[in-house]
There are 2 protein chains.
Amino acid sequence: MNILFIMYDQLRFDYLGCAGHPHLKTPHFDRVAEMGVRFTNAYVQSPICGASRMCFYTGRYASSHGAQWNGFPLRVGEQTLGDHLRNTGMDCWLIGKTHMKADAAGMARLGLAPDSMIGARQAECGFDSWIRDDGLWAYGPDGYYDEKRSPYNEYLKSKGYDGENPWADYANAGISDDQIASGWMFRNADKPANICEEDSETPWLTSETIAFIEQAKGPWCAHVSYIKPHWPYIVPAPYHDMFGKNHVPQAKRHDLERDNPHPVFGAYMENRIAQAFQRDEVREKVIPAYMGLIKQCDDQLGRLLAYMEETDTLKDTMIVLTADHGDYLGDHWLGEKDLFHEQSVKVPMIIFDPRDTADSTRGISCDALVESIDLAATFVEAAGGVVPDHIIEGRSLLPWLRGERPEWREFAISEYDYSATPQAVKLGLNPRDARLFMVFDGRYKMMHAEGGFRPMLFDLQNDPDEFDDLAKTDSHADVLEWMYGMLAQWGRRMSQRVTRSEQEIIAMRGASGRKGVLPFLYDGSEVPEELTQTYRGALRQTYTEGGD
Amino acid sequence: MNILFIMYDQLRFDYLGCAGHPHLKTPHFDRVAEMGVRFTNAYVQSPICGASRMCFYTGRYASSHGAQWNGFPLRVGEQTLGDHLRNTGMDCWLIGKTHMKADAAGMARLGLAPDSMIGARQAECGFDSWIRDDGLWAYGPDGYYDEKRSPYNEYLKSKGYDGENPWADYANAGISDDQIASGWMFRNADKPANICEEDSETPWLTSETIAFIEQAKGPWCAHVSYIKPHWPYIVPAPYHDMFGKNHVPQAKRHDLERDNPHPVFGAYMENRIAQAFQRDEVREKVIPAYMGLIKQCDDQLGRLLAYMEETDTLKDTMIVLTADHGDYLGDHWLGEKDLFHEQSVKVPMIIFDPRDTADSTRGISCDALVESIDLAATFVEAAGGVVPDHIIEGRSLLPWLRGERPEWREFAISEYDYSATPQAVKLGLNPRDARLFMVFDGRYKMMHAEGGFRPMLFDLQNDPDEFDDLAKTDSHADVLEWMYGMLAQWGRRMSQRVTRSEQEIIAMRGASGRKGVLPFLYDGSEVPEELTQTYRGALRQTYTEGGD
């Protein structure tokens, strides 16, 4: 069996037909959900691109692997999906974005050449790279945000789009009065991107995926990682005007949220992105474009599924559809992601397993508390391996797909390191104090903030919209104590004992005695009969044999 | 300045003259204490050889570096004293024991050749090896406990001691009726070791140290790591009969400890080592030998100090005297180490700094809560470097040596992973549940045990001998809550963000905006005046410049 691990960037859990969106129809996402299981409580371990992806790729929590924010390198030697899957004989390929930053200093310390196969895999987060493009070619006074080569920009140039950065000037810009209308400006979000639809990012990556499958010898895992519907919010015709004002839902926000907000929440509500999304004209321009981008993703998924049916690869390929985090889009007075409201930290998670063992669950939805790190364990089991549970902290989801009811986690954890953001500056925090932790037990969701702040608490049973922060008063001290107990339990988890498996440790038990380490003998008479052979053996050596 | 980092194995904090031992005189230890500062509340981060040493050498807690017990490899790439000191231009040498187990699998994964310099340093815990001998050449039915080469055995053979393992047959055995009387048997502890005193382990390693200093070019750090007074408890003449029964203190144990003991403590009290040390004849044989071994260590320290005075190296060498853990010697009904009573987890810690900046503190003792991981930070500062506090979790002790009163930690942490021991089997625990945590705030000492057990709690102010476990009842629920709060705070520490320093993160703040990442613009008017250059720059590019 192969694994097609498809990730969309910044796709909200509720912007799919199968998730109940009132206006956005996504028949191809819905079809995969019908073929498989849709997990309705899937949470990322950090609601930010880079950190979230490192959790997906290592199967470990952000504070276990340490790459806690965009641009924080993943430490050399940290094991990834590529390491684990190759151990089972499955290749592991990348098609698109990872947001991985290589640990160049660590690689140099270990003398790893970046152009060696080992070095390249270290630098590419364990993947073999079919094509890598992180899809964000912003440029400013300090140069490019991303200085890697851009295969997508090269593609556009080969198709005749001119300039150094056609990603910015065509794929992510419209035209207004014969001038480039930057997709960075929300007022331009309703314009058609200045590019042929088939040359835009989502169809281009889909073509690359088809080209990969065309030549791939199984078993393979392919991480198809789209940049969209991530900003800049602009989409080519015909998607640019499929949706309009009348399809834009009311912002889920409440004045209660602005009344004595948690200081960190308050700082985020005041940042530029939040201020922009608090304006109706921004939501009315952006959300139709965001929906258009998702509609294009759905059409391209349909194209991919059709290709796989024609080539008969669908029947032996597991398909996973998910996202690295959501998008506030003005809900909770915020834009972007970063915090732990459902719009940000909850993601779509749809898994199709072609094997008969999954027949009993096709088309169902499952509300188990799923963490994004569970996919790494799921893939290792799907590839026929044994999950190295001393390294991978997630749990295989295959039992759910088989219709079993496994014993499961009591709470989900997510983390956010905002040490490099303006909010940390505004709050006057040292980098190590600008860290947030979410604990969600299926009903209560707590946010703990380092740096001496009070927690935040929501009761999603009575307040599913997360408007009423119950930690503003002492009314829920007992619940907070319970949530803090779970966070403390998680804090004591065994996350770094990665060089010894549970099985290896069990095999070590008693081994030193059989190698003559006997610091308890008075005269030898302590040796129990059944151990005579073992210990007398050691003692005979110390008496006469000299060890030979 | 050079650093002479001397570690004794299993040396109890209170078996030194300067620590108030009634019978054991250690003038040379005492002299270094007079020249420097004696830290009277120094705790190791794990009371077991291998794990404790990995904490000393990385400056990190056991569950941060993951090498949590003897024989658990230190993960490849984990940075050590060698990495940090070489960054400052100081060499870092090993003379003696580390108990380091190389991460052979991880090195192979990264293609590191064990015989390359980088590979060798990875395998030797970051040290360049002047001489390495872990000093435990036990042999049994399954072969040698340690399969590395033993320079000490080679030395003995070169001196004419015969057999394959003269370590066992001469250095650690006596003679009785013309037969080797194994030092493994406590009944033989009062016999003189069957070896010339100058050929025994402690003088041999001291000679190696002198040979190292003879040729060393500064600045250097030398980790001189003696195996003694670690068992086998046997010492050559004249040390074998310097002490006798009348010098053996009463065992510090109380019937209260055997009344409904904590299950983990109970399991340890019942193991073979504990049972042996519960016998008076064992303590009366072993403790005089243990004292003789320490007396020999003191004499060899005197020899080393005399050499350094003659060669004038004392004036520019920092000297540190410490141990990896203690030895119960029958106190608390236990033998060996492993748990968190003072006899096991507290160690001697004496630091002599030759520089004038330390003149004001010579001869004082300091009761600050010191952790063994503090030495790594101390050495980096002493070598003129900046402590990488995103990697090293300890704190430099130099402010105390300068007579300052730095803001200091509220509690010390120690951990113990007994997953590979018979006690875990007896308690029916999975490896991941056989983990203990100590929190000590200077008055209360709590032990938390994973696996669903109650905690243990001692009040060292009212019960300095730690006989009365206050967690047997609910009487101290408030104290336990306070201690668990500290443990939870520690559990949330930032231990893996090792690829980005605090300074690098501060420098990252705002960087993406200057590279044109502007996901908040409606029409450009949001750009504040002072940022016009920055943002218009980015926008001009997206309008017309095409990024060139």
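Residues numbered from 1 in each chain as written. Chains lettered and ligands numbered in written order. Predicted model: local features only at pLDDT ≥ 70, side-chain atom pairs only at ≥ 80, totals over all residues. Heavy atoms only, no water.

### With respect to the relation of the copies chain A and chain B
Laying chain A over chain B is done by rotating through 180 degrees and shifting 0.0 Å along the axis; what remains is an RMSD of 0.0 Å. On the angle and the small slide along the axis, the relation comes out as a two-fold axis. Comparing interface residues between copies, 100% of those in chain A also lie at the interface in chain B; the contact surface is shared. (Least-squares fit on C-alpha atoms with pLDDT ≥ 70 in both. Contact = heavy atoms within 4.5 Å.)

### Some thoughts on the confidence of the model for chain A
Residues and elements named next belong to chain A. Looking at chain A as a whole, its pLDDT mean stands at 95, while 96% of the residues score no less than 70. Across residues 540-548, confidence stays below pLDDT 50; counting only partners more than four residues off in sequence or on other chains, it has 25 contacts. Across the predicted assembly, pTM comes out at 0.96 and ipTM at 0.95. (pLDDT = per-residue confidence, 0-100.)

### What to know about the packing of aromatic side chains
Tallying each qualifying case throughout the model produces 51 aromatic pairs over all chains. Between Y8 of chain A and Y226 of chain A the ring centres are 5.2 Å apart and the planes differ by 5 degrees, which places this aromatic pair in the stacked class. One end of the pair, Y8 of chain A, is in strand β1 (residues 2-8); the other, Y226 of chain A, is in the loop between β10 (220-225) and α10 (263-269), and 218 residues separate them in sequence. Look at W93 of chain B and F212 of chain B: their rings are 5.9 Å apart centre to centre, the planes differ by 55 degrees, and that puts the pair in the tilted class. Of this pair, W93 of chain B sits in strand β4 (residues 91-96) while F212 of chain B sits in helix α9 (residues 201-215), and the two are 119 residues apart along the sequence. Linked through ring pairs, Y15, F186, Y233, F277 and Y290 of chain A together constitute an aromatic cluster. In this structure, R258 of chain B packs its charged tip against the face of W333 of chain B, placed 3.6 Å from the ring centre. (Phe/Tyr/Trp six-rings, centres within 6.5 Å; stacked < 30°, edge-to-face > 60°. Helix = DSSP H or I, 4+ residues; strand = E, 2+ residues; numbered from the N terminus. Lys NZ or Arg CZ within 6 Å of the ring centre and 35° of its normal.)

### A short note on a negative patch on the surface
A contiguous patch of negative charge on the surface is contributed by D478 and E481 of chain A together with D478 and E481 of chain B. Of all the elements in the fold, those that place two or more residues in the negative patch are α17 (477-491) of chain A together with α17 (477-491) of chain B. Its location among the elements puts D478 of chain B in helix α17. (Patch = residues over 30% accessible without salt bridge, like charges linked within 9 Å, V, L, I, M, F, W, Y side chains within 5 Å. Areas by Shrake-Rupley, 256 points an atom, 1.4 Å probe, with all protein chains shown as cover. Salt bridge = Lys/Arg side-chain N within 4 Å of Asp/Glu carboxyl O. Lys, Arg positive; Asp, Glu negative; His and termini not counted. Charge placed at Lys NZ, Arg CZ, Asp CG, Glu CD.)

### As for α17 of chain B
With 15 residues, α17 of chain B should cover 21 Å at 1.5 Å per step; its first-to-last C-alpha distance of 20 Å lies within 8% of that length. All buried positions along α17 of chain B are accounted for by V479, L480, M483, M486, L487, A488, W490 and G491 of chain B. Contacts made by the buried residues of α17 of chain B are with α17 of chain A together with α3 (62-65), β16 (412-417), β17 (435-440), β18 (444-449) and β19 (456-459) of chain B. (Expected span 1.5 Å × (residues − 1). Buried < 20%, exposed > 50% of the residue type's maximum accessible area, 1.4 Å probe, protein only.)

### Examining the sheet that holds strand β15 (residues 370-371) of chain B
The strands making up a sheet are joined through hydrogen bonds of the backbone, oriented either antiparallel or parallel. Residues and elements named next belong to chain B. Reading across from one edge, β12-β3-β15 is the order of the three strands in this open sheet, with mixed pairing throughout. The open sheet has two edge strands, β12 (346-347) and β15, and neither has a second partner. As judged from the two bridges shared by strand β3 (residues 42-43) and β12, these two strands associate in the antiparallel manner. From the neighbouring strand, Y43 faces β12, where its bridge partner is K346. (Pairing = 2+ DSSP bridges.)

### A word on the UniProt feature "domain: Sulfatase N-terminal" (unreviewed entry) in chain A
Under the present numbering, the feature "domain: Sulfatase N-terminal" (unreviewed entry) in UniProt falls on residues 2-384 of chain A. The distance from the first to the last C-alpha atom of residues 2-384 of chain A is 11 Å, and the span holds 34% helix and 15% strand. (UniProt positions renumbered as here; feature names shortened; annotations may be inferred.)

### Comments concerning the pattern of salt bridges
Residue and element names in this part refer to chain A. Here the structure, examined in full by the defined rule, presents 89 salt bridges over all chains. As a salt-bridge pair, E450 and R435 come within 4.0 Å of each other at their nearest N and O atoms. Here R435 lies in strand β17 (residues 435-440) and E450 lies in the loop between β18 (444-449) and β19 (456-459), a separation of 15 residues in the sequence. Here the two residues E450 and R435 agree in accessibility, since each one is buried.

### Let's talk about the packing of helix α9 (residues 201-215) of chain A against helix α12 (residues 280-310) of chain A
All names here are of chain A. Interhelical geometry of α9 versus α12 gives an angle of 15 degrees and a closest axis separation of 10 Å. Classed by the angle they form, the pair α9 and α12 counts as roughly parallel. At the point where α9 passes α12, the crossing takes the right-handed sense. Contacts from T202, P203, T206, S207, T209, I210, I213 and E214 in α9 reach Q296, C297, Q300, R303, L304, Y307 and M308 in α12. Within the contact of α9 with α12, the residues separate by chemical class into seven nonpolar, six polar and two charged. (Axes fitted to C-alpha atoms, helices over the stretch in contact; angles between N-to-C directions. Parallel < 35°, antiparallel > 145°, perpendicular 65-115°, else oblique. Left-handed = near helix turned anticlockwise from the far one by under 90°. Nonpolar A, V, L, I, M, F, W, Y, C, P; charged D, E, K, R; others polar.)

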